[in-house]
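Below, each chain spelled out in residue letters.
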Amino acid sequence: MKPEDDFPLRDQSDDQGALPSDAERVADERLLDALLTGRHEDTPESTAQRVERVCHALETAPRVISLRWKAGLSTAAAAVVVLGLLLTLSAPQSVQADLAPILTAFDKGDKTYQITIAADTNEPAPRRGFGRRGFGRRLAFKPPRRGMMTRRLDNATLQIRGRCYVLTCRTGRGGEVLKGFDGQESWLVCPWGASARGDDHSLLEQEIPDHISSLLFLDLRDMLHQIEAQYALSGPSAGTLDDGQTPTQYYRAERIGRRDRMPRRIEFWVDPLTHELQQIVCTGVHFRGPGRQRYTLRITLVSTEPLPEEWFTQQAHIRPSPNAP
Amino acid sequence: MKRRDKNIFAALVHEHADMLLAYIRATIRDPATVDDIFQETMLVAWRRFNDYDQTRPLAQWLRGIARHLILSHYSRLKKRPIYCHDTVLAVLDERFAHIDHRTGDAWKDKVAALDACLEHLPPVLRQCIDLFYRDHHKTADIADVISVTREAVKKRLQRARALLADCLRRKGLFPTAPSEVTP
C-alpha cells in the first residue's frame with residue numbers, strides 16, 4: 001500500500017463530509033486496490049506471523065484494547081466533574097486487570113529511574129498574531145525560558161520501593177534537593193540543611209505539579225485511572241528499547257479527552273519476562289508557568305539493585321551540619 | 001485462557017485473516033494502522049466471542065467489529081476520508097458479503113478470479129500493476145523506469161484497475177447489477 005500522495009485512485013480526496021459522487025465506483029476501486037495489495041503481501045508466512053501476534057496478545061493483555069470502545073464515552077464523561085470524583089473512588093478494574101502483572105512487578109524490589117526532560121519540537125508554536133500588532137509581537141517574541149521546575153527535574157533520579165520513593169533533584173549550584181515518602185509521611189531535605197515533614201504529597205508540589213505526579217510512578221494506579229478515562233490505549237506490541245536490542249512489550253496511550261494539561265501521549269515499555277516497567281515517555285507535557293511550551297518527559301529504569309533498608313526515610317538523608325557541635 | 005479455546009480461536013483468526021485484512025485495507029491506507037486495527041479486531045472478537053450470534057456468518061461479524069474500530073480511528077483523527085463515507089462502506093459490506101458466498105475454502109480461492117483477470121491485462125498495464133503492487137515502486141519511480149510521465153503512470157494504473165473491475169464483474173466476483181445502497 002502506498003503513501004497518500006502516491007495513490008493514484010480517482011476521486012479519493014479526503015474531503016470530510018463530502019458525498020462520493022459514485023459510491024459503487026469508489027468502493028470497487030478500494031476493494032480492488034486491497035485485493036491487489038493483499039495478493040502480494042498476504043503470504044502464508046505473514047498470515048502466520050499475524051496470527052501468532054494475536055495469540056501472544058491474547059495471552060498477555062486480552063482486554064486492553066477494549067478501552068478504545070469506551071473512548072467516546074470516557075471523553076464525554078471526563079467533562080463531568082462528578083465523574084472525576086467517581087473515578088477516584090472506584091478502581092479501574094479493566095485496566096488494572098490487564099496490567100496486573102506490571103503492577104505486581106512494580107511492587108516488588110527497589111528500582112532506580114532516571115528522569116530527563118526535553119522541550120517538544122513537534123508541538124505547535126504559540127500564536128503570535130497577524131498584522132501590524134502581530135508583527136510587533138513577533139519581533140518581541142522570545143522563546144519561553146526553561147522554568148526551574150523543568151531544570152530541576154531534568155536528570156533527576158527517582159528511587160522507588162512500593163509506595164515509598166526518593167526523588168533527588170539537582171539545584172543550579174550543584175546541590176541536591178531530596179524529596180521523599182516513607183510510606184507514612186512526605187519529607188524534604190535541602191542542601192542548605194532545611195528539612196520538613198508532612199502528611200501528604202504537598203511537599204512535592206514545587207517540583208511536580210499534581211497532574212503529572214502520578215506519571216512519575218508516584219501513584220501508578222492513579223496513572224491507570226487517568227489512562228482509562230482520558231486515553232485510548234493500544235498494545236502490547238513487540239518493541240525494543242532505545243538500544244534497539246532489548247526486547248520489550250510496547251504500550252501506547254493517546255489522549256482523547258480535552259484535558260490539555262495532560263500529556264498528549266504516554267508510551268511505556270515493559271520487560272516481557274519480568275513485567276517491569278523499563279521506560280515511560282510522556283509527550284506534550286505542560287508544566288506550570290506561562291507559555292504553551294510542551295515537554296517530553298522520559299523516565300528510564302537504570303537499576304534494580306536493592307537499596308539500604310532505611311533509604312526511604314528522611315533520617316537516612318539528613319547530613320549533620322559542619323557547624324554543629 | 002484455556003489452551004483448547006485459544007487453538008480454536010487461532011484457527012478462526014487464520015481462516016479469516018486475509019478477508020479481514022482486505023476489508024481494513026480498503027478503508028485505511030497506512031499499513032501500520034491496518035495491522036493495528038487487524039489485531040484490535042481479533043482481540044475484541046475474542047473478548048466478545050460470547051456475544052457472537054452463531055446463526056450469522058462469522059466473517060460479517062468480524063467486519064462489523066473492524067468497521068467500528070475503523071470509524072473510531074478516523075473519529076480520533078477528526079477526519080473521515082470520502083472512501084469511508086457510510087454509503088461507500090455499505091457498498092463495501094455488500095461486496096464482501098457477495099464474495100463470502102463464492103465457492104472456495106479460503107479467501108484466496110474465492111478471489112482467484114483476480115489472477116485470471118490479471119493474465120488478460122495488456123502488457124503495458126500489467127507492467128505498471130506489477131511495479132506498483134508487487135515491487136512497491138512509487139509512481140514517480142515507475143515513470144522513470146518505463147520513461148513516461150508520472151501522470152501517465154497514474155492513468156495506466158487507473159485504466160488497469162478499471163479493466164480488472166470489468167473482468168471481475170464478468171467473472172462474478174463483483175456484482176453486475178447496480179446495487180441499491182442507502183446511506
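Since the model is a prediction, treat every value here as computed from it, not as a measurement.

**Student:** What exactly am I supposed to notice about the overall build of chain B here?
**Tutor:** Of the regular secondary structure elements, chain B holds nine helices and zero strands. Going from N to C terminus, chain B has its helices and strands arranged as α-α-α-α-α-α-α-α-α. By residue count, 35% of the 183 residues in chain B fall in the buried class. Within chain B, counting contacts between residues at least 6 apart in sequence, those at least 24 apart form 63% of the total.

**Student:** Help me out: how do you make sense of the overall build of chain A in this one?
**Tutor:** Tallying secondary structure elements over chain A gives 10 helices and 11 strands in all. Buried residues in chain A amount to 31% of all 325 residues. Expressed as a percentage of contacts within chain A between residues at least 6 apart in sequence, the contacts between residues at least 24 apart total 53%.

**Student:** For this particular structure, what's the right way to read helix H2 (residues 31-47) of chain B?
**Tutor:** Because the α-helix completes a turn every 3.6 residues, residues three or four places apart line up on one side. End to end, H2(B) covers 25 Å across 17 residues, agreeing with the expected 24 Å (1.5 Å per residue, within 8%). Regarding H2(B), the residues found buried are B:Val34, B:Asp36, B:Ile37, B:Phe38, B:Gln39, B:Glu40, B:Thr41, B:Met42, B:Leu43, B:Val44, B:Ala45 and B:Trp46.

**Student:** Can you walk me through the packing of H2(B) against helix H3 (residues 58-77) of chain B in this structure?
**Tutor:** When two helices pack together, you describe them by how their axes are tilted relative to each other and by the distance separating the axes. Residues and elements named next belong to chain B. Axis separation between H2 and H3 bottoms out at 9 Å; the angle between their running directions is 130 degrees. Considering their axes alone, H2 and H3 lie oblique with respect to each other. H2 and H3 meet at a crossing whose hand is right-handed. Taking contact as the criterion, the partners of Thr33, Ile37, Glu40, Thr41, Val44 and Ala45 in H2 are, on H3, Leu62, Ile65, Ala66, Leu69, Ile70 and His73. For the contact of H2 with H3, the residue count by class is eight nonpolar, three polar and one charged.

**Student:** Is there a simple way to think about the pairing of strand E7 (residues 231-240) of chain A in this case?
**Tutor:** Consecutive side chains of a regular strand alternate in pointing toward one face of the sheet and then the other. Residue and element names in this part refer to chain A. Counting buried residues in E7 gives seven out of 10 residues, a clear majority hidden from the surface. Relative to strand E8 (residues 247-255), E7 is paired through eight bridges, and the arrangement is antiparallel. Each residue of the ladder has a partner; that of Ala232, found in E8, is Glu254.

**Student:** Would you explain unusual backbone geometry in this entry?
**Tutor:** Trans peptide bonds make up the majority, and among non-glycine residues the majority have a negative phi. A positive phi angle, close to 65 degrees, is found at A:His275, a residue other than glycine. Tracing the backbone shows A:His275 in the loop between strand E9 (265-270) and strand E10 (277-285). For A:His275, a count of 18 C-beta atoms within 10 Å corresponds to the partly exposed category. With a phi close to 55 degrees, B:Ser147 is a non-glycine residue in the positive phi region. Position of B:Ser147 relative to the elements: it lies in the loop between helix H8 (139-146) and helix H9 (150-170). Judged by local crowding, B:Ser147 falls into the exposed class, with 7 C-beta atoms found within 10 Å.

**Student:** Can you walk me through the packing of helix H7 (residues 123-134) of chain B against H8(B) in this structure?
**Tutor:** Residues and elements named next belong to chain B. Contact pair H7 / H8: the axes reach a minimum separation of 10 Å and the direction vectors enclose 135 degrees. As the angle between them shows, H7 and H8 are arranged oblique. For the element pair H7 and H8, the recorded crossing hand is right-handed. Contact with H7, carried on its side by Gln127, Cys128, Leu131 and Phe132, involves Ile142, Val145 and Ile146 of H8 and no other residues of that element.

**Student:** Where do I start with the pairing of strand E3 (residues 164-170) of chain A in this structure?
**Tutor:** Residues and elements named next belong to chain A. Taken together, the five bridges between strand E2 (residues 157-161) and E3 define a ladder with antiparallel strand orientation. When the sheet's bridge partners are listed, Thr157 is paired in E3 with Thr168. Counted along the chain from E2 to the antiparallel partner E3, the turn is two residues long, and its residue Gly162 has a positive phi close to 60 degrees.

**Student:** Explanation requested: the environment of A:Lys179 in the structure shown.
**Tutor:** Counting through the fold element by element, A:Lys179 comes out in strand E4 (residues 176-181). With 21 residues separating them in the primary sequence, A:Lys179 and A:Leu158 have C-alpha atoms 9.6 Å apart.

Cut-offs and rules
Residues numbered from 1 in each chain as written. Chains lettered and ligands numbered in written order. Predicted model: local features only at pLDDT ≥ 70, side-chain atom pairs only at ≥ 80, totals over all residues. Helix = DSSP H or I, 4+ residues; strand = E, 2+ residues; numbered from the N terminus. Buried ≥ 20, exposed ≤ 12 C-beta atoms within 10 Å, placed from the backbone. Contact = placed C-beta atoms within 7 Å. Expected span 1.5 Å × (residues − 1). Axes fitted to C-alpha atoms, helices over the stretch in contact; angles between N-to-C directions. Parallel < 35°, antiparallel > 145°, perpendicular 65-115°, else oblique. Left-handed = near helix turned anticlockwise from the far one by under 90°. Nonpolar A, V, L, I, M, F, W, Y, C, P; charged D, E, K, R; others polar. Pairing = 2+ DSSP bridges.

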